[in-house]
Amino acid sequence: MRRKRVLLLSEGFGSGHMQAANALSAGLKQLCPDISAKVIELGKFLNPVIGPLIVSAYRKTVSKQPKMVGMLYRSNYKKPTNRFTQLALHRMFYTQTSQVIAQLKPDLIVCTHPVPNSVVARLKRLGLHMPLYTLITDYDAHGSWVSQEVNHYLVSSPIVKQRLVDKGVHPNSVEVTGIPVHPDFWEHCDKEEVRRQFDLKDMPTVLIMGGGWGILYEDSELSYMTKWRETTQLIFCVGSNKKMKQKLLADPMFQHPNIRIMGFTREVYKLMDAADLLVTKPGGMTCTEGMSKGLPMLFYEPIPGQEEENCEYFINSGFGEMLESNDTVDRWFKLIHDQEAAGKFRTKLLSIRDNQYDPRRCPEAVLRLMQ
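Residues numbered from 1 in each chain as written. Predicted model: local features only at pLDDT ≥ 70, side-chain atom pairs only at ≥ 80, totals over all residues. Heavy atoms only, no water.

## Section: the overall build of the chain
- Of the regular secondary structure elements, the chain holds 17 helices and 12 strands.
- A total of 371 residues make up the chain; the buried ones form 56% of that total.
- In the structure as shown, the chain presents an accessible area of about 17,100 Å², 52% of it carried by carbon and sulfur atoms. (Helix = DSSP H or I, 4+ residues; strand = E, 2+ residues; numbered from the N terminus. Buried < 20%, exposed > 50% of the residue type's maximum accessible area, 1.4 Å probe, protein only. Areas by Shrake-Rupley, 256 points an atom, 1.4 Å probe, with all protein chains shown as cover.)

## Some words on the packing of aromatic side chains
- Under the counting rule described, the total for this entry stands at eight aromatic pairs.
- Between the aromatic rings of Phe314 and Phe319, the centroid separation amounts to 6.1 Å while the plane-to-plane angle is 80°, which identifies the pairing as edge-to-face.
- With a relative accessible area of 0%, Phe319 lands in the buried category. (Phe/Tyr/Trp six-rings, centres within 6.5 Å; stacked < 30°, edge-to-face > 60°.)

## Considerations on the environment of Lys167
- Within the element layout of this structure, Lys167 appears in the loop between helix H8 (158–166) and strand E6 (174–176).
- Relative accessible area serves as the criterion here: at 25%, Lys167 is assigned to the partly exposed category.
- Residues Lys167 and Ala141 lie 26 residues apart in sequence; the distance between their C-alpha atoms is 9.1 Å.
- Here the side chain of Lys167 touches Ala141 through a polar contact of 2.9 Å, landing on its backbone oxygen. (Polar contact = N/O pair within 3.5 Å; in protein donor to acceptor, adjacent residues only side chain to side chain.)

## A short note on the sheet that holds strand E5 (residues 152–155)
- Spatial strand order, E2-E1-E3-E4-E5-E6: six strands in an open sheet with parallel pairing. Every other strand in the sheet has two partners, leaving strand E2 (36–41) and E6 as the edge strands with one partner each. Taking each pair of neighbouring strands and ignoring which way they run, the sheet shows an average axis angle of 20°.
- The sheet contact formed by E5 and E6 spans three bridges and is parallel. Each residue of the ladder has a partner; that of Leu154, found in E6, is Glu175.
- Each of strand E1 (5–10), strand E3 (108–111), strand E4 (132–135), E5 and E6 is contacted by helix H17 (residues 361–370), which is oriented at about 165° to E5, the strand it contacts most. (Pairing = 2+ DSSP bridges. Axes fitted to C-alpha atoms, helices over the stretch in contact; angles between N-to-C directions. Contact = heavy atoms within 4.5 Å.)

Function-wise, these values are silent; they only describe arrangement.
Encoded structure:
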């Protein structure tokens, strides 16, 4: 009997889209080992020279001109990707997409980024007979995600479902599944064991993350945290930003036995279990991973647009607040030093998590829709 095949298409504009695709793929295989789930970063796959250059240009724009990114996000917020843009995308970068689909012969396609979503939607209008599922990877619903050809939307929250309905999507076509996280995040690791594995001390611990690209800004609040280094363990995880890692390692302010500077790692799920507080850019994936661990969170420097919406969602859910001043740092660091208060707060967050999020729900929904 032929194995069921799922093709997951995404793009590298921000690490969260690809992370979501890989997490869903791993979750599907965890729940159904016989399934075949293939993830493709479509632009890079079809255009191995041009694709990475476009992603690199986007990364520089985000880091140097975030307000412009926000302006573009808002200017097209209510509009689906028009057919001229879809045609241009297809002609310029995605002409071989139909060949890829024909060769892999999937039973369904899941898109975790608006661009491949638009490309596949256009192919469906031209005659492709293939279920198309759209997994929205933030806590907002930009108009570029919306296409009449999408069979089913998988979304993070009831708020996002309502925003899609307001954009004309039928309610029955939208399912609140939460954003999938890798099965590594489904269970908790023993805190003491993880700290021993990473040679960390048994003391209040803060994990500071800069997003998948390691974009850590030099705002005073992040530097101010080092004032707590005698009593607090600080783990700075800068991802793939090698220059930032070297800069921090060379700075006397960060040279302390209780401060750890880390680059890219596939064991964030363990570091989150070792931590008592997460300080992060409010990307949809990282915030969802933090929620899956029941971690309190402080958010800094949201990119205007979807990261602001992510931030608002998690603040309103009770998981944390914006990192606005040194007073914010002091207040939250004092909390994690109060063992009784910190324990009660974590219990509260775990209860909130259990009421609104199950990491298995998204892959379970895909498997059910395949039947």
